[in-house]
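# Summary of the model geometry
These are the residues of each chain, in order.
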Amino acid sequence: MDSNQERFEPYLRRKTSLKVVLSIIIVAILVVWSFMFTNFSIGDLMYGIPQMVELFKSMVPPDLSYISSITKPMLDTIRMAVVGTFIGGLLSIPISILCARNVIRSSWITYPCRFILNIVRTIPDLLLAAVFVAIFGIGQIPGVLAIIILSISIICKLMYESLESIDDGPLEAMTAVGANKLKWITYAIIPQAIAPYMSYVLYAFEINIRAAAVLGLVGAGGIGLYYDQTLGLFQYPKTLTIILVTLVIVVIIDLVSTKVREKLI
């Protein structure tokens, strides 16, 4: 057996080397092709830098008196993220279970669920919000719906992969004593999945805060509408104020969420 391995080892090394070389060539061709068709130019970038500097200069100093005007929409943004994450987190539980192959051992269920989840995950949140604005009109409801779907796409992907890596011992023990599917999930899966689930929900909440801050650009409520207004009216000091307030809130929420997730893991 060892002699056979030694005999084929040079062949396997050459095969691996060939794969590496081909992968590098394919990536290089893809990068060059992308550069050519996007018309990316270092010269254009250097030409735009002075204009970027002028824009930043026109933003300074920020109009701090504008904080009182954006307090309510900023709170609306946070509330949108809270509601969307909460509902999306709840809906993610049954969907994740349906996608986990070690829980639902039927490919007729798991594969269609994963396929639909993959399709949903490819849709940008701004596009979702724009569609919901066209259906429900301008307001916070389209933003909340977009965040719900965004939460489901994030949490479900992480969660069903986590479920598939849990210890099979409790599952086999519950099966051996004749437990039904509900007891199987309640006593064998949930105790192992609760900590990563809470961590994924908090991670989704961090992402949703940032997403909610820009959904207003398409009329989905929150602080994003004020970004659009101030930029459109060239009120750059007010725009910088919005950016700074958003940045402070996002950083605080990220820090708190990170600390909580560290305690859970």
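The protein chain carries the name Phosphonate ABC transporter, permease protein PhnE in an unreviewed UniProt entry, which gives Mammaliicoccus sciuri as its organism. UniProt, in its Subcellular location (unreviewed entry) section for the protein chain, records the words "Cell membrane". Quoted verbatim from the Sequence similarities (unreviewed entry) field of the UniProt record, the comment on the protein chain reads "Belongs to the binding-protein-dependent transport system permease family."

## Some thoughts on the overall build of the protein chain
Each helix and strand counted, the protein chain has 10 helices and zero strands in total. Beginning at the N terminus, the succession of helices and strands in the protein chain can be written as α-α-α-α-α-α-α-α-α-α. When each of the 265 residues of the protein chain is scored for burial, the buried share is 34%. Long-range pairs, those at least 24 residues apart, make up 75% of the contacts in the protein chain between residues at least 6 apart in sequence. In the structure as shown, the protein chain presents an accessible area of about 16,300 Å², 72% of it carried by carbon and sulfur atoms.

## Some points on the side chain of Thr230
The residue Thr230 is located in helix α9 (residues 224-232) in this model. Relative accessible area serves as the criterion here: at 1%, Thr230 is assigned to the buried category. In this structure the side chain of Thr230 is engaged in a polar contact, spanning 2.8 Å, whose partner is the backbone oxygen of Tyr226. Those residues within four positions of Thr230 in sequence are excluded, and the remaining contacts are Tyr66, Gln235, Lys238, Thr239 and Ile242.

## Points about the packing of aromatic side chains
This model, assessed by the stated rule, comprises one aromatic pair. On the numbers, 6.3 Å between centres and 45° between planes, the contact of Phe132 with Phe136 is tilted. Residue Phe132 and its partner Phe136 are located together in helix α5 (residues 125-136), separated by four residues, close to a single helical turn. Phe132 sits in the buried class, given a relative accessible area of 15%.

## Quick word on the environment of Ala81
Note on placement: Ala81 falls in helix α3 (residues 67-99). Sequence separation between Ala81 and Ala213 is 132 residues; the distance between their C-alpha atoms is 9.2 Å. Those residues in contact with Ala81 that sit more than four places away from it in its chain are Ile147, Phe205, Asn208 and Ile209.

## A look at the pattern of salt bridges
Scanning the model with the defined rule gives three salt bridges in all. The partner of Lys72 in a salt bridge is Asp76, with the nearest N and O atoms 3.2 Å apart. Of this pair, Lys72 and Asp76 both sit in helix α3, four residues apart, which is roughly one turn of the helix. Lys72 sits in the exposed class, given a relative accessible area of 55%. For the salt bridge of Asp76 with Arg79, the shortest nitrogen-to-oxygen distance reads 2.5 Å. Residue Asp76 and its partner Arg79 are both found in helix α3; the two are separated by three residues, about one turn of the helix. Asp76 sits in the buried class, given a relative accessible area of 8%.

## Notes on the UniProt feature "transmembrane region" (unreviewed entry) in the protein chain
Those places that UniProt annotates as "transmembrane region" (unreviewed entry) correspond, in this numbering, to residues 20-42, 78-103, 184-203, 209-227 and 239-257. Along residues 184-203 the backbone is 100% helical and 0% strand, and the end-to-end C-alpha distance reaches 27 Å.

## Here's the deal with a nonpolar patch on the surface
On the surface, a cluster of nonpolar side chains totalling about 1,000 Å² of accessible area is made up of Val27, Val31, Phe35, Phe40, Ile42, Leu45, Met46, Ile49, Met52, Val53 and Phe56. Contributions of two or more residues to the nonpolar patch are made by α1 (2-38) and α2 (42-59). In terms of residue count, the dominant contributor to the nonpolar patch is α2 (seven residues). You can call Val53 partly exposed: its relative accessible area is 38%.

## Side note on the packing of helix α4 (residues 107-121) against helix α6 (residues 140-163)
Axis separation between α4 and α6 bottoms out at 9 Å; the angle between their running directions is 130°. Comparing their axes, α6 and α4 come out oblique. Like other packed secondary-structure pairs, α4 and α6 cross with a definite hand, here left-handed. Within the contact between the two elements, α4 uses Arg114, Leu117, Val120 and Arg121 and α6 uses Ile149, Ile152, Ser153, Cys156, Lys157 and Tyr160.

Each value, and the rule that gives it
- Residues numbered from 1 in each chain as written.
- Predicted model: local features only at pLDDT ≥ 70, side-chain atom pairs only at ≥ 80, totals over all residues.
- Heavy atoms only, no water.
- UniProt positions renumbered as here; feature names shortened; annotations may be inferred.
- Helix = DSSP H or I, 4+ residues; strand = E, 2+ residues; numbered from the N terminus.
- Buried < 20%, exposed > 50% of the residue type's maximum accessible area, 1.4 Å probe, protein only.
- Contact = heavy atoms within 4.5 Å.
- Areas by Shrake-Rupley, 256 points an atom, 1.4 Å probe, with all protein chains shown as cover.
- Polar contact = N/O pair within 3.5 Å; in protein donor to acceptor, adjacent residues only side chain to side chain.
- Phe/Tyr/Trp six-rings, centres within 6.5 Å; stacked < 30°, edge-to-face > 60°.
- Salt bridge = Lys/Arg side-chain N within 4 Å of Asp/Glu carboxyl O.
- Patch = residues over 30% accessible without salt bridge, like charges linked within 9 Å, V, L, I, M, F, W, Y side chains within 5 Å.
- Axes fitted to C-alpha atoms, helices over the stretch in contact; angles between N-to-C directions.
- Parallel < 35°, antiparallel > 145°, perpendicular 65-115°, else oblique.
- Left-handed = near helix turned anticlockwise from the far one by under 90°.

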